[in-house]
2 protein chains.
Amino acid sequence: MKEITVGIDIGGTNTKFGLVNREGNVLHQGNIKTTAYAEFLEFFNAMANALRETIKLLPADHKIVGIGVGAANGNYYTGNIEHATNLRWKGILPLAKMFTDEFHVPCILTNDANAAAVGEMIYGNAQKMKDFIVITLGTGLGSGFVCGGVLLNGHHGIAGEVGHTSVNPNGRYCNCGKRGCLETYVSATGIKRTVYKLLADHLEPSELRGVSFDDLNTKMITEAAHRGDLVAKEAFEYTGRILGMKLAETAVHTDPEAIFLFGGLSLAGDLIFKPTIRHMEANLMPLFRGKIKILPSALQNQAAPILGASSLVWNHFEKQKLEMA
Amino acid sequence: MKEITVGIDIGGTNTKFGLVNREGNVLHQGNIKTTAYAEFLEFFNAMANALRETIKLLPADHKIVGIGVGAANGNYYTGNIEHATNLRWKGILPLAKMFTDEFHVPCILTNDANAAAVGEMIYGNAQKMKDFIVITLGTGLGSGFVCGGVLLNGHHGIAGEVGHTSVNPNGRYCNCGKRGCLETYVSATGIKRTVYKLLADHLEPSELRGVSFDDLNTKMITEAAHRGDLVAKEAFEYTGRILGMKLAETAVHTDPEAIFLFGGLSLAGDLIFKPTIRHMEANLMPLFRGKIKILPSALQNQAAPILGASSLVWNHFEKQKLEMA
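Scanning chain A for helices and strands turns up 8 helices and 12 strands. The globule rule puts the C-alpha radius of gyration for 325 residues at 20 Å, and the 20 Å found for chain A is close to it. For chain A, the C-alpha atoms occupy an extent of roughly 65 × 45 × 35 Å along the three principal directions. Going through the 325 residues of chain A one by one, you find that 49% of them count as buried. Of the contacts made within chain A by residues no fewer than 6 positions apart, 64% connect residues no fewer than 24 positions apart.

Turning our attention to the environment of Gly-163 of chain A. All names here are of chain A. Mapped onto the secondary structure, Gly-163 falls in the loop between β10 (150-151) and α4 (188-201). Overall, Gly-163 belongs to the buried group, with 27 C-beta atoms counted inside 10 Å. Linking Gly-163 and Phe-44, residues 119 residues apart in sequence, is a C-alpha distance of 30 Å. Ignoring sequence-local partners within four residues, the contact set of Gly-163 consists of Gly-140, Leu-141, Gly-142, Ser-143, Cys-181, Leu-182 and Glu-183.

A few words on the relation of the copies chain B and chain A. One copy of the chain maps onto the other through a rotation about an axis plus a displacement along that axis. Mapping chain B onto chain A calls for a screw motion: a turn of 180 degrees about the axis and a shift of 0.0 Å along it, with 0.0 Å RMSD after fitting. On this basis, the relationship between the two copies can be described by a two-fold rotation axis. The share of interface residues of chain B whose copies in chain A are also at the interface is 100%, consistent with both copies meeting through the same surface.

This next bit is on helix α6 (residues 230-254) of chain B. All names here are of chain B. Compared with the 36 Å implied by 1.5 Å per residue over 25 residues, the 36 Å span of α6 between its first and last C-alpha is a close match. Counted residue by residue, α6 has 18 buried out of 25 residues, so it is predominantly covered. Just downstream of α6, Asp-255 is the residue with a positive phi angle, here 55 degrees.

We now examine the interface of chain B and chain A. Every contact between the two is made by 32 residues of chain B and, on the other side, 32 residues of chain A. Ranked by residues supplied to the side of chain B that touches chain A, first place goes to α6 of chain B with 5 residues. In terms of residue class, the side of chain B that touches chain A is made up of 13 nonpolar, 12 polar and 7 charged.

Residues and elements named next belong to chain A. One open sheet holds the 5 strands; their spatial order is β3-β2-β1-β4-β7, and the pairing between them is mixed. Here the strands that pair on one side only, and so sit at the sheet edges, are β3 (26-33) and β7 (107-110). Neighbour-to-neighbour, the strand axes of this sheet turn through a mean angle of 15 degrees, independent of strand direction. Bridging between strand β2 (residues 14-20) and β3 involves 7 bridges; their strand directions are antiparallel. Considered in β3, the bridge of Phe-17 is made with Gly-30. Against the sheet, helix α2 (residues 95-103) makes contact with β4 (62-71) and β7, and its axis sits at roughly 160 degrees relative to β7, the strand it touches most. Across the sheet, helix α3 (residues 112-122) is in contact with β1 (2-10), β4 and β7; its angle to β4 comes to roughly 135 degrees.

What follows concerns the domain arrangement of chain A. All names here are of chain A. One can read the domain layout of chain A as domain 1 (2-112) and domain 2 (125-296). Taken over C-alpha atoms, the centre of domain 1 sits 29 Å from the centre of domain 2. Tallied by class, residues from the side of domain 1 that touches domain 2 come to 2 nonpolar, 2 polar and 1 charged.

Okay, the packing of α4 of chain A against helix α6 (residues 230-254) of chain A next. Residues and elements named next belong to chain A. Running from N to C, α4 and α6 point in directions that differ by 125 degrees, and their axes come no closer than 9 Å. The angle between α4 and α6 falls in the class oblique. The two elements α4 and α6 cross, and the hand of that crossing is right-handed. Here Gly-190, Ile-191, Thr-194, Val-195, Leu-198 and Leu-199 of α4 come into contact with α6, specifically with Val-231, Ala-232, Glu-234, Ala-235, Tyr-238 and Thr-239. Taken together, the residues of the contact of α4 with α6 break down into 8 nonpolar, 3 polar and 1 charged.

Conventions and cut-offs
- Residues numbered from 1 in each chain as written.
- Chains lettered and ligands numbered in written order.
- Predicted model: local features only at pLDDT ≥ 70, side-chain atom pairs only at ≥ 80, totals over all residues.
- Helix = DSSP H or I, 4+ residues; strand = E, 2+ residues; numbered from the N terminus.
- Rg over C-alpha atoms; globule rule 2.2 N^0.38 Å.
- Buried ≥ 20, exposed ≤ 12 C-beta atoms within 10 Å, placed from the backbone.
- Contact = placed C-beta atoms within 7 Å.
- Least-squares fit on C-alpha atoms with pLDDT ≥ 70 in both.
- Expected span 1.5 Å × (residues − 1).
- Nonpolar A, V, L, I, M, F, W, Y, C, P; charged D, E, K, R; others polar.
- Pairing = 2+ DSSP bridges.
- Axes fitted to C-alpha atoms, helices over the stretch in contact; angles between N-to-C directions.
- Domains from an automatic or database assignment.
- Parallel < 35°, antiparallel > 145°, perpendicular 65-115°, else oblique.
- Left-handed = near helix turned anticlockwise from the far one by under 90°.

Written out as structure tokens, the structure reads:
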């Protein structure tokens, strides 16, 4: 029997899922609209149906051994989605138990950044590492820590909220209710805010002066920077400076071998990596300098969230084997 | 046979050692002057002799099962003291191997803050906790992280340098070579610097105006604050504000159940705990508020560094048992 895992990524708008083998190949995938269901139970039934149909496409000698789910506010310990701010269903949703009851296999739930970290360890650039951090740069900034080969969950299951460390207590307003959080500067949204700040403060001409805030995105800023647009280039420099300064603080907490950057902003390559590395090194305690690698994630394609989620299952079984050995 | 561990704390000035049972009672203790030996080998031989003499005092049915050592720049992985800045012997000192060769028992080395964290877990207030942090407030600020019941060492064996996260990049000069590190504000030395800054900036009368920087210590500042001295009270408020702000950042990294304060400054009680808790809560991401306890360490007496070091041995054996179970 060939073992296959399911990876499900529950986003605020879409829920993507896929069937994944141990090598990280997505054999089949699909998606449903998260927002189309008024009740959580309706959503779950639609998801379970879609999954059953997709599983039927597998050859007879393939079997599903587990389901991994990445979701904002997914709690690894309880298997519940707890008070998610990006979903319309409120309160505590016992997702893992429902999947296990329905499909009779283990279901592992965690938040999307933790899933990305486990994905990097199982399929990606951290396969031989025991101590590393993944920083996900999307709408916000998420982070997942692996320490001694184990995903760090914390006492309440909410470890790794580096996006809400402080850059400036009187700085930009954050969705979390605070001001000046790292993710208001370093994320797809953060760099847009920086571009608008630069356009407001400076007289420099820029092709971005013709783009509305709603239309502006990381890809446009990256392309403008490549064409030599000074505002776009400065926006990356500023973003990398703040990320580097804060990674210098994160690094001295857990002493990782590497920090991986994942998601849209990280695809800008040198534009973001160079200032990040330079400012991290400059701000690091001397004992740590030259020791910590800043690397791109290996999971950069569309299927990355599915891979991350599916990796939770392999990780679960490999941990079990280790404990029994 | 009753099992006994040795705890050794190598400080810049004195090296203290003791024989400790599993309950955390120090049966015998002694010390030698760290600074009295020009060569490391002379120091080691003197230490080994003193230890042999002390072990002779034990009843015949007691046996030494291991040696734990806490030392600045002690590396858990290699068992070496590496480039310590507080010792006169330079380079790499293979301490653990030398003790094992001499006494034929395991020797576990780590830095003093990590030893304090393990001590809290083995003998202290964290005996039932799996996720906690110990902050040691001495000449500097050290920190030890326990995550999932395991001491966090990091990839290079240097995790937990929270004392060198940044309060202000243009702030006070730090021994590490940077400026504005947390320990330049929050430590026995840090609060002295704050008192002097307040005396410089304000006209307020204060009993501390009669004390030189060299003579000033935490106990004096504490007593002055208890007598209502405004400068001393403000110094604690300022110290607690900065500690609270930075613990709010540390907490979102590893999501601990509790953060323990250890050492001289923490003995000031409410003077330091109240502002620390207030400012941590105010600066925490809302998801974490009301969840993380700030508590005094249970190991506050003179023997604490010996206990911390000796606890490394019990922790070593208990981890082994767990792995074999």
